[in-house]
Amino acid sequence: QVQLVESGGGSVQAGGSLRLSCAASGSIAIINAMGWYRQAPGKPRELVATIVRGGTTNYADSVKGRFTISRDNAKNTVYLQMNSLKPEDTAVYYCQMRVLRMLRTSFDDYWGQGTQVTVSS
């Protein structure tokens, strides 16, 4: 099995910063894409940012220039540095990884448990 454990959420005032981390453990051979998604109350889950193994990144327009996604392949960890936070960034943030488990021949998607980010005005 594969487990994703997130950390780094919390409460911050508008304009502040937070850094989220998500570490994967288990019978992992390769992790391809890693990403962060968020879900605000009453809204569907939405993409925040993704990063593939080679380092290419993709961001939602709403966070471009404020958020930075990065990864440490040796640690099977993905990070999300969030700067200039706005109240509309308030949501539960979920990490996601596309993992090839050992002795398997196809990738599966795994999700973290979610971490709350609250930005007050």
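The rules behind these values
Residues numbered from 1 in each chain as written. Predicted model: local features only at pLDDT ≥ 70, side-chain atom pairs only at ≥ 80, totals over all residues. Heavy atoms only, no water. Salt bridge = Lys/Arg side-chain N within 4 Å of Asp/Glu carboxyl O. Helix = DSSP H or I, 4+ residues; strand = E, 2+ residues; numbered from the N terminus. Buried < 20%, exposed > 50% of the residue type's maximum accessible area, 1.4 Å probe, protein only. Core = buried A, V, L, I, M, F, W, Y, C linked by side-chain atoms within 4.5 Å. Contact = heavy atoms within 4.5 Å. Polar contact = N/O pair within 3.5 Å; in protein donor to acceptor, adjacent residues only side chain to side chain.

Q: Whenever I open this one, the pattern of salt bridges confuses me. Can you help?
A: Where charged atoms from two side chains of opposite charge approach closely, those side chains can pair. Under the definition given, this model contains five salt bridges. For arginine 66, the salt bridge goes to aspartate 89, with nearest N and O atoms at 2.8 Å. In this pair, arginine 66 sits in the loop between strand 6 (57–59) and strand 7 (67–72) while aspartate 89 sits in the loop between strand 8 (77–82) and strand 9 (91–101), placing the two residues 23 residues apart along the sequence. The same class applies to arginine 66 as to aspartate 89, namely buried. Bridged by salt links that share partners, the residues Arg38, Glu46, Arg66 and Asp89 form one connected network.

Q: Would you mind going over the nonpolar core with me for this structure?
A: Across soluble globular proteins, nonpolar side chains have a tendency to be buried as a group. Trp36, Val78, Leu80, Met82, Tyr93 and Met97 are the most contacted members of the largest nonpolar core, which totals 32 residues. When residues of this core are traced back to their parent elements, those giving at least two are strand 1 (2–7), strand 3 (18–26), strand 4 (28–39), strand 5 (46–51), strand 7, strand 8, strand 9 and strand 11 (115–120). Considering every element that reaches this core, the biggest residue donor is strand 9, with five residues. Those residues in contact with methionine 82, other than ones at most four positions away along the chain, are Gly16, Ser17, Leu18, Leu20, Arg66, Phe67, Tyr93 and Val117.

Q: When you look at the environment of glutamine 96 in this model, what are you seeing that I'm missing?
A: For glutamine 96, the position within the fold is in strand 9. Overall, the relative accessible area of 7% leaves glutamine 96 in the buried class. Residue contacts for glutamine 96: discarding those within four places in its chain leaves Leu4, Ala33, Met34, Gly35, Tyr37, Asp109, Tyr110 and Trp111. Here aspartate 109 takes part through its side chain, which lies 3.1 Å from a polar atom of the side chain of glutamine 96.

Q: Mind showing me how you'd approach unusual backbone geometry here?
A: If a residue is not glycine, its phi is most likely negative; likewise, a peptide bond is most likely trans. Even without glycine at this site, asparagine 76 takes up a positive phi of about 50 degrees. Note that asparagine 76 resides in the loop between strand 7 and strand 8. Phi angles above zero are rare outside glycine, and serine 84 is one such case at about 50 degrees. Note on placement: serine 84 falls in the loop between strand 8 and strand 9. Looking at serine 84, the relative accessible area reads 41%, which means it is partly exposed.

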